[in-house]
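Remarks on the overall topology
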Amino acid sequence: MPQPEPPPPAPLLTDRRVALPVAILALQAVAATYFVVDGIDDLFTEVRQGITAEIVMECIVAFALFGGVVMGWRYIRRITAELHRQDRALADARGALAEHIALRFGEWGLTPGEGEVALFALKGCDVAEIARLRGAATGTVRSQLSQIYAKAGVSSQAMLVSLFIEDLLDAPRPA
């Protein structure tokens, strides 16, 4: 079964998870630019009259603010790259789980209808929910669940779910 392609990473400015920090950083950049320009202007104005400690401190603070904006931008880019890496890893894990479920269902010889019912059971749906979602009678779903449990060698929905959890916990870790 081919694995789905992970979604392309969202551009930095449209990723909802970083939109607010980017907006705040943009506001800080405007403020930093203002203070740097103002500090340099004050410095040139005061050069004729003598530079005061206040002007020097204003310039230092302005450049520190500007440095903070640069560091913030780098941090946001690093965090965004990590978010995209995690998104790709999650997509890979989802694809691997879907592949594992399909493999197990194939090993058990589930029919397509049983596979659909089993998938709903794995998602935690009860008999009534599965019947409603499939447009089937509850008795039909109960019968299919009994056949699924027999083929899987379990006696309940919880045991069916635990088979897959055990598989995930026992899986070898990637190197």
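Remember, predicted model here, so these are calculated numbers, not experimental data.

1. Considerations on the overall build of the protein
- In terms of helices and strands, the protein carries six helices and zero strands.
- What you see in the protein, going N to C, is helices and strands ordered as α-α-α-α-α-α.
- Every one of the 175 residues in the protein was classed for burial, and the buried ones make up 26%.
- When contacts within the protein are restricted to residue pairs at least 6 apart in sequence, long-range pairs at least 24 apart make up 60% of them.
- Summed over its atoms, the accessible surface of the protein is roughly 11,900 Å², and 64% of this surface lies on carbon and sulfur atoms.

2. A look at helix 3 (residues 112-122)
- Across the 11 residues that make up helix 3, a large majority, eight, are buried.
- Those residues of helix 3 lying buried are Gly113, Glu114, Gly115, Val117, Ala118, Phe120, Ala121 and Leu122.
- Those residues of helix 3 that are buried are in contact with helix 2 (53-108), helix 4 (127-134), helix 5 (138-152) and helix 6 (157-170).
- Among the residues trailing helix 3, Gly124 stands out with phi positive, at a value near 95 degrees.

3. Description of the nonpolar core
- In terms of nonpolar packing, the biggest core is built from 21 residues, with Phe105, Trp108, Ile130, Leu145, Ile148, Leu160 and Phe164 touching the most fellow members.
- Going through the elements one at a time, helix 2, helix 3, helix 4, helix 5 and helix 6 are the ones with two or more residues in this core.
- Aside from chain neighbours lying at most four places away, what touches Leu160 is Trp108, Ala118, Ala121, Leu122, Ile148, Tyr149, Ala152 and Val154.
- Grouped together as the second largest cluster of nonpolar side chains are seven residues, Val18, Val22, Val69 and Leu83 included.

4. Thoughts on the packing of helix 4 against helix 5
- Two elements in contact, helix 4 and helix 5, have axes whose closest approach is 9 Å; the angle formed by their N-to-C orientations is 110 degrees. Considering the angle they form, helix 4 stands roughly perpendicular to helix 5. Judged by the sense of rotation from one axis to the other, the crossing of helix 4 with helix 5 is right-handed. Together, Val127, Ala128, Ile130, Ala131 and Arg134 of helix 4 and Thr138, Val141, Arg142, Gln144 and Leu145 of helix 5 make up the contact between the two elements.
- In terms of residue class, the contact of helix 4 with helix 5 is built from six nonpolar, two polar and two charged.

5. Quick notes on a nonpolar patch on the surface
- A cluster of nonpolar side chains, contributed by Val47, Ile51, Val56, Met57, Ile60 and Val61, occupies part of the molecular surface with about 540 Å² of accessible area.
- Of note, Val56 is situated in helix 2.

6. Topic: the pattern of salt bridges
- Applying the stated criterion to the full structure yields four salt bridges.
- Of the charged contacts, one joins Glu82 and Arg85 as a salt bridge, the two residues approaching to 2.6 Å between their closest N and O atoms. With Glu82 and Arg85 both in helix 2 and three residues apart, the pair spans about one turn of that helix.
- For Arg134, the salt bridge is made with Glu116, and the minimal N-O distance between the two is 2.8 Å. Remark: Glu116 occurs in helix 3 and Arg134 occurs in helix 4; sequence separation between them is 18 residues.

7. Concerning helix 2
- Taking 1.5 Å as the rise per residue, helix 2 with 56 residues should run 82 Å; its terminal C-alpha atoms sit 81 Å apart, in good agreement.
- Gly109 occupies a position one or two residues after helix 2 and carries a positive phi of about 70 degrees.

8. Regarding the confidence of the model for the protein
- Per-residue confidence for the protein gives a mean pLDDT of 85; residues scoring 70 or more make up 89%.
- Note on residues 1-10: pLDDT under 50 across the span, and 10 contacts to partners over four residues away in sequence or across chains.

Analysis parameters
- Residues numbered from 1 in each chain as written.
- Predicted model: local features only at pLDDT ≥ 70, side-chain atom pairs only at ≥ 80, totals over all residues.
- Heavy atoms only, no water.
- Helix = DSSP H or I, 4+ residues; strand = E, 2+ residues; numbered from the N terminus.
- Buried < 20%, exposed > 50% of the residue type's maximum accessible area, 1.4 Å probe, protein only.
- Contact = heavy atoms within 4.5 Å.
- Areas by Shrake-Rupley, 256 points an atom, 1.4 Å probe, with all protein chains shown as cover.
- Core = buried A, V, L, I, M, F, W, Y, C linked by side-chain atoms within 4.5 Å.
- Axes fitted to C-alpha atoms, helices over the stretch in contact; angles between N-to-C directions.
- Parallel < 35°, antiparallel > 145°, perpendicular 65-115°, else oblique.
- Left-handed = near helix turned anticlockwise from the far one by under 90°.
- Nonpolar A, V, L, I, M, F, W, Y, C, P; charged D, E, K, R; others polar.
- Patch = residues over 30% accessible without salt bridge, like charges linked within 9 Å, V, L, I, M, F, W, Y side chains within 5 Å.
- Salt bridge = Lys/Arg side-chain N within 4 Å of Asp/Glu carboxyl O.
- Expected span 1.5 Å × (residues − 1).
- pLDDT = per-residue confidence, 0-100.

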